[in-house]
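Each chain, written out:
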Amino acid sequence: MAIRNILKYGTKSLREPSKEVHKVSKKITELVNDLLETMYSANGVGLAAPQIGVNYRVFVLDVSSNDEPLRPMVFINPKIIKKSGAIISNEGCLSFPEAYTDVRRYKNVTVKALDSHGRPFVLEANGGTLLTRCIQHEFDHLDGILYIDHCINRFETNETLAKYNLPPIEEDKLLEEPELEEELKND
Ligand code: ZN
């Protein structure tokens with residue numbers, strides 16, 4: 001196990017799509033262990049492989065609170081098979097130190113993935129919980145999508161990015177989300 005360097009926004013591999021894992025080999029087990037160790041050492045709740053420069057479809061998360069035992073979760077080749085509802089989520093990212101901004105997310109998602117032993121599982125995360133939001137955030141990293149691409153207010157987001165010496169939003173990456181916008185309007 002090793003603590004790996006977390007790539008910061010502006011690094012090319014954060015924008016590159018990641019490859020499927022064909023076999024949960026020793027190399028992938030090491031990757032999972034490194035992701036967990038790196039995430040815990042950075043006090044993060046989630047970390048995706050491209051954030052440490054490895055473009056494989058793997059992410060880890062742990063949404064347990066400080067007074068609870070650790071609850072590491074591993075997602076290999078995840079697929080979001082159901083999504084509904086909308087919420088506004090205030091998010092940050094280990095690749096964007098301290099830069100929190102409001103983004104649009106689904107309120108409920110169901111994800112299918114392999115665990116660290118290569119066993120398939122299905123997880124339903126409803127109600128816009130930290131787990132629900134974290135799954136969507138980490139899943140996006142595997143397609144080179146970043147949370148700022150979902151931002152509600154691009155001016156505020158750019159101000160925040162500038163404050164923390166990060167590059168501005170990439171306008172051509174901003175996502176159109178009419179479905180989520182409509183749902184949020186009706187709330
Ligand atoms: Zn992130």
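Here is a short report on the structure shown in this document. (Residues numbered from 1 in each chain as written. Predicted model: local features only at pLDDT ≥ 70, side-chain atom pairs only at ≥ 80, totals over all residues. Heavy atoms only, no water.)

1. With respect to the overall build of the chain
No. 1: Secondary structure summary: the chain contains four helices and seven strands in total.
No. 2: Reading the chain from its N end, one meets helices and strands in the order α-β-β-β-β-β-β-β-α-α-α.
No. 3: Seen along its three principal axes, the alpha-carbon backbone of the chain occupies a region of about 45 × 35 × 35 Å.
No. 4: Burial statistics for the chain: of 187 residues in total, 48% are counted as buried.
No. 5: Within the chain, contacts between residues at least 6 apart in sequence are counted, and of these 65% link residues at least 24 apart. (Helix = DSSP H or I, 4+ residues; strand = E, 2+ residues; numbered from the N terminus. Buried < 20%, exposed > 50% of the residue type's maximum accessible area, 1.4 Å probe, protein only. Contact = heavy atoms within 4.5 Å.)

2. Details of the packing of aromatic side chains
No. 1: Per the stated rule, a full pass over the model turns up four aromatic pairs.
No. 2: When the ring of F59 is compared with that of F75, the centres are 4.6 Å apart and the planes differ by 20°; the resulting orientation is stacked. Of this pair, F59 sits in strand β2 (residues 58–61) while F75 sits in strand β3 (residues 73–84), and the two are 16 residues apart along the sequence.
No. 3: For F59, a relative accessible area of 0% corresponds to the buried category.
No. 4: F75 gets classed as buried once you look at its relative accessible area, which sits at 0%.
No. 5: Here the basic side chain of K19 rests over the ring of Y56, its NZ or CZ set 5.3 Å away from the ring centre. (Phe/Tyr/Trp six-rings, centres within 6.5 Å; stacked < 30°, edge-to-face > 60°. Lys NZ or Arg CZ within 6 Å of the ring centre and 35° of its normal.)

3. Details of the pattern of salt bridges
Any two side chains of opposite charge can pair, so long as their charged atoms come close to each other.
No. 1: Applying the stated criterion across every chain yields a total of 15 salt bridges.
No. 2: Through salt bridges with shared partners, a single network forms among R15, D149 and E170. (Salt bridge = Lys/Arg side-chain N within 4 Å of Asp/Glu carboxyl O.)

4. Regarding the sheet that holds β2
No. 1: Taken together, five strands build an open sheet; the order of strands is β1-β2-β3-β6-β7 and the sheet is antiparallel. On the outer flanks of this sheet lie β1 (46–48) and β7 (120–125), each paired with one strand and no other. The sheet shows a mean angle of 35° between the axes of neighbouring strands, taken without regard to direction.
No. 2: Examined bridge by bridge, β1 and β2 share three bridges and lie antiparallel to one another. Counted as the bridge partner of L47 is V60 from β2.
No. 3: Against the sheet, helix α1 (residues 26–41) makes contact with β1, β2 and β3, and its axis sits at roughly 35° relative to β2, the strand it touches most.
No. 4: Contacts from helix α2 (residues 130–141) reach β1, β2, β3, β6 (108–114) and β7, with the element oriented near 155° to β2. (Pairing = 2+ DSSP bridges. Axes fitted to C-alpha atoms, helices over the stretch in contact; angles between N-to-C directions.)

5. A word on the coordination of the zinc ion
No. 1: In the first shell of the zinc ion, the protein supplies C93 (SG), H137 (NE2) and H141 (NE2), at 2.1 to 2.2 Å from the metal.
No. 2: Summarised as a motif, the one-chain spacing of the donors to the zinc ion is C-x43-H-x3-H. With H137 and H141 both in helix α2, this residue pair falls four residues apart, about one helical turn. Judged on exposure class, the residue H137 and its partner H141 are both buried. (Donors = N, O, S within 2.8 Å, 3.2 Å for Na, K, Ca; no water.)

6. Some details on the pairing of β7
No. 1: Summarising the sheet, β6 and β7 pair through six bridges and their orientation is antiparallel. Paired with V111 across the strands is L123, a residue of β7.
No. 2: The turn linking β6 back onto β7 is made up of five residues, and G118 within it adopts a positive phi angle of 85°.

7. Considering the pairing of β3
Regular strands place their side chains on alternate faces of the sheet.
No. 1: Inspection of the sheet shows β2 paired to β3 by four bridges, in the antiparallel sense. Looking at β3, one finds that V58 is bridged to I76.
No. 2: Two strands pair when backbone bridges link them, and β3 and β6 are joined in this way by six bridges, in the antiparallel orientation. Following the sheet pairing, I76 is matched in β6 by L114.

8. Here we look at the nonpolar core
Most often, soluble globular proteins keep nonpolar side chains buried together rather than apart.
No. 1: Counting 20 residues, the largest nonpolar core has F59, L61, M73, F75, L123, L131 and I135 as the members making the most contacts within it.
No. 2: Among the elements that line this core, the one with the most residues is α2, at four residues.
No. 3: The contacts of L131, once residues within four sequence positions are left out, are L61, V63, M73, L123 and A125.
No. 4: By size, the runner-up hydrophobic cluster in this structure holds 16 residues, among which are V21, L31, L47 and V54. (Core = buried A, V, L, I, M, F, W, Y, C linked by side-chain atoms within 4.5 Å.)

The values are spatial; any link to function lies outside them.
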